[in-house]
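Coordinate inspection notes
What follows is the residue order along each chain.
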Amino acid sequence: MAFINGANFGNWLVLEKWMSPQTFAQSDSTDEFYLPQTLSDDAYRNRIAQHRAEYISERDFVLLKGMGINSVRIPVPYFIFGDRPPFIGCTTELDNALNWAAHYGMTVLIDLHTAPLGQNGFDNGGIQGVCQWSQHPEEVEFVLTVLERLAQRYGQHPALYGIEILNEPITENMWKVMDLQKRYPARDPALGAASKPNTLEFLREFYLQAYARMRPHLPQGKKIVFHDGFELMAWQDFMCDQTKFPDVVLDTHQYLMMAEMTGVEQKLETYLSYLQQQLMPQYREVCSKHEVICGEWCLFNSLACGYDTKGGQSILNGVVAAADTPRMSEDERREIYRELCRAQMAIWQLGAGHYYWNYKILFDTVSTNTWQGWDSWDLGRCAAFGWFVGPDAK
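All values derive from a computational prediction rather than experimental measurement.

To continue, consider the overall build of the chain. Along its length, the chain carries 13 helices and eight strands. The globule rule puts the C-alpha radius of gyration for 394 residues at 21 Å, and the 20 Å found for the chain is close to it. C-alpha extents for the chain along the principal axes are approximately 55 × 50 × 45 Å. Looking at the chain residue by residue over its 394 residues, the buried ones come to 57%. The contacts in the chain between residues at least 6 apart in sequence include a share of 77% that link residues at least 24 apart.

Moving on, we come to helix H2 (residues 58–66). Taken together, the buried positions of H2 are Asp 60, Phe 61 and Leu 64. Along H2, the residues classed as buried sweep out an arc of 100° about the axis, all on the same side. Exposed residues pointing more than 90 degrees away from the buried face of H2 are listed as Arg 59 and Gly 66. Those residues of H2 hidden inside the fold are in contact with strand S1 (4–8), helix H1 (41–55), strand S2 (71–76) and helix H3 (91–103).

With that settled, consider the pattern of salt bridges. Under the counting rule described, the total for this entry stands at 22 salt bridges. Between Asp 41 and Arg 45 there is a salt bridge, with the nearest N and O atoms lying 3.5 Å from each other. One end of the pair is Asp 41 and the other is Arg 45, both in helix H1 and four residues apart, which spans about a single turn. Here Arg 45 falls in the partly exposed class, since its relative accessible area comes to 41%. Among the salt bridges present, the one from Asp 111 reaches Arg 73, with a minimum N-O distance of 3.3 Å. Placement of the pair is Asp 111 in strand S3 (residues 107–112) and Arg 73 in strand S2, with a sequence separation of 38 residues. Summarising the burial analysis for this pair, Asp 111 and Arg 73 share the class buried. Through salt bridges with shared partners, a single network forms among Arg 73, Asp 111, Glu 164, Asp 251 and Glu 296.

This next bit is on unusual backbone geometry. Cis geometry marks the peptide bond from Pro 85 to Pro 86; its omega dihedral reads 10°. Mapped onto the elements, Pro 86 comes out in the loop between S2 and H3. Asn 358 follows Trp 357 through a cis peptide bond whose omega is 15°.

By size, the foremost hydrophobic cluster in this structure holds 121 residues, and its most contacted members are Ile 74, Ile 110, Ile 165, Phe 206 and Trp 377. Counting eight residues, the second-largest nonpolar core is a separate cluster that includes Ile 4, Leu 109, Tyr 161 and Ala 352.

Here the focus is the sheet that holds S2. Taken together, eight strands build a closed barrel; the order of strands is S1-S2-S3-S4-S5-S6-S7-S8 and the barrel is parallel. The mean angle between the axes of side-by-side strands here comes to 25°, regardless of whether they run parallel or antiparallel. Direction of pairing for strand S4 (residues 160–164) relative to strand S5 (residues 223–227): parallel, over a ladder of three bridges. Its bridge partner being in S5, Ile 163 is matched across the sheet by Ile 224. The strands that H3 touches are S2, S3 and S4; relative to S3, the one it contacts most, it runs at about 155°.

Turning to helix H4 (residues 137–154), a few remarks are in order. Along an α-helix, residues three or four apart share an orientation, since each turn contains 3.6 residues. Counted at 1.5 Å a residue, the expected span for H4 with its 18 residues is 26 Å, and the 26 Å between its end C-alpha atoms agrees. Listed as buried for H4 are Glu 139, Val 140, Phe 142, Val 143, Leu 144, Val 146, Leu 147, Leu 150, Ala 151 and Tyr 154. Next to the buried residues of H4 lie H3, S3, S4 and helix H8 (200–214).

Turning our attention to the pairing of S3. Of all six residues making up S3, five are buried, and the element is well covered by its neighbours. In this structure, S2 lies alongside S3, joined through six bridges in parallel fashion. Looking at the pairing, Arg 73 lines up with Leu 109 of S3. Running through H3, the crossover from S2 to the neighbouring parallel element S3 is right-handed. Tracing the backbone out of S3, into H4 and back to the parallel element S4 gives a crossover that is right-handed.

This next bit is on the pairing of S1. Across the five residues of S1, four count as buried, placing the element largely inside the fold. Pairing between S1 and strand S8 (residues 353–356): four bridges, direction parallel. From the neighbouring strand, Ile 4 faces S8, where its bridge partner is Gly 353. Pairing of S1 with S2 involves three bridges; the strand directions are parallel. Paired with Asn 8 across the strands is Arg 73, a residue of S2.

Okay, the UniProt feature "domain: Glycoside hydrolase family" (unreviewed entry) in the chain next. Here, UniProt's "domain: Glycoside hydrolase family" (unreviewed entry) annotation points to residues 56–297. As annotated, residues 56–297 has a helix share of 40% and a strand share of 14%, and its two end C-alpha atoms lie 20 Å apart.

On to the packing of helix H10 (residues 268–287) against helix H12 (residues 330–348), then. In the contact formed by H10 and H12, the axes pass within 10 Å of each other and the chain directions differ by 5°. Taken together, the axes of H10 and H12 lie roughly parallel to each other. Counted together, Leu 268, Tyr 271, Leu 272, Leu 275, Gln 276, Leu 279, Met 280 and Tyr 283 of H10 and Ile 336, Glu 339, Leu 340, Ala 343, Gln 344, Ala 346, Ile 347 and Trp 348 of H12 form the full contact between these two elements. Its residues assigned to classes, the contact of H10 with H12 shows 13 nonpolar, two polar and one charged.

Assignment of secondary structure puts Ile 293 in strand S7 (residues 291–297). On the basis of relative accessible area, Ile 293 is assigned to the buried category, the value being 0%. Those residues in contact with Ile 293, other than ones at most four positions away along the chain, are Ile 4, Leu 109, Tyr 161, Val 225, Val 249, Leu 250, Asp 251, Thr 252, Tyr 283, Ala 352, Gly 353 and Tyr 355.

What counts and how
- Residues numbered from 1 in each chain as written.
- Predicted model: local features only at pLDDT ≥ 70, side-chain atom pairs only at ≥ 80, totals over all residues.
- Heavy atoms only, no water.
- Helix = DSSP H or I, 4+ residues; strand = E, 2+ residues; numbered from the N terminus.
- Rg over C-alpha atoms; globule rule 2.2 N^0.38 Å.
- Buried < 20%, exposed > 50% of the residue type's maximum accessible area, 1.4 Å probe, protein only.
- Contact = heavy atoms within 4.5 Å.
- Arc of directions from axis to C-beta.
- Salt bridge = Lys/Arg side-chain N within 4 Å of Asp/Glu carboxyl O.
- Core = buried A, V, L, I, M, F, W, Y, C linked by side-chain atoms within 4.5 Å.
- Pairing = 2+ DSSP bridges.
- Axes fitted to C-alpha atoms, helices over the stretch in contact; angles between N-to-C directions.
- Expected span 1.5 Å × (residues − 1).
- Right-handed = clockwise from strand over helix to strand, strands pointing away.
- UniProt positions renumbered as here; feature names shortened; annotations may be inferred.
- Parallel < 35°, antiparallel > 145°, perpendicular 65-115°, else oblique.
- Nonpolar A, V, L, I, M, F, W, Y, C, P; charged D, E, K, R; others polar.

See the structure below:
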């Protein structure tokens, strides 16, 4: 199978307010769960329909093909089949995406991105500050049925690369590093108070159950992907036997802002040292046991922003650098991004491929100071500005 040069379709079928703030206009909701509760039914339905129709279309596949992208990872919600009102299903949009991908010679990784009552407490988990899903056996079973139905519906599609069991289920270490309940306060304090991280033991059992439910519906070569729960080195003895567990892929998400949160200094040389001396050896070791993809990464870092983003936390309240923060020259930023892109791409080359987060972002980096430096999350901008390069590019 060809090496994956991929992009994520984040914020299309699973909303993230920071990526297109206008989608949440006239609502005080910070996440998708509360959006229909803060709009009228007609306003909610019209807004979702308009957003989905405009955010991704056939033309985006044409553009991505021209950028050298050969695969897309598409986050989908647990209500994709329209059976969790008031939320609106989205199989039609996903059907179209797979058909477009097939036409343009691309593949699709379907990524179940949310779970009822939250699997991580992030804003991208559907309900901010709440992580209770694994505490409710009936909801765990519901997610298994969603995965089984996805495998049944899309397993035979020629564009399908695979299905990811669940995006970023948080475990204890990342819960503490993120200081999650402070970083992502719950709208309902009671739901937040009952939240806690998933255990690795739970995830291992859940992944085995999901594999057993999905595998009978997926032909040989179609992948079942599991996320590392932010513990890259914890899976060395898990589902490694390809005779017993064929077509299993490990997904890890690696962001420089996470490295900043763990104390990596905001300098180019320390970023590069972290990537080359710490992450690369770990990645190489894991690749010796598993087929591995980096399902999410990007060029974003505080150095190129020109101020300390506190590990990306400035995104939460929309307030970043002071108005008088000097902007780094475009040449300086370009060289930082190109160096970091080369270093990260050299790591992903050790595995089966990568998916950049994200294909597009819809905020204004020119008219306001709010998003200074955040344009590097947008792959289209990175390609247009010459920031995105291969590992051997000069």
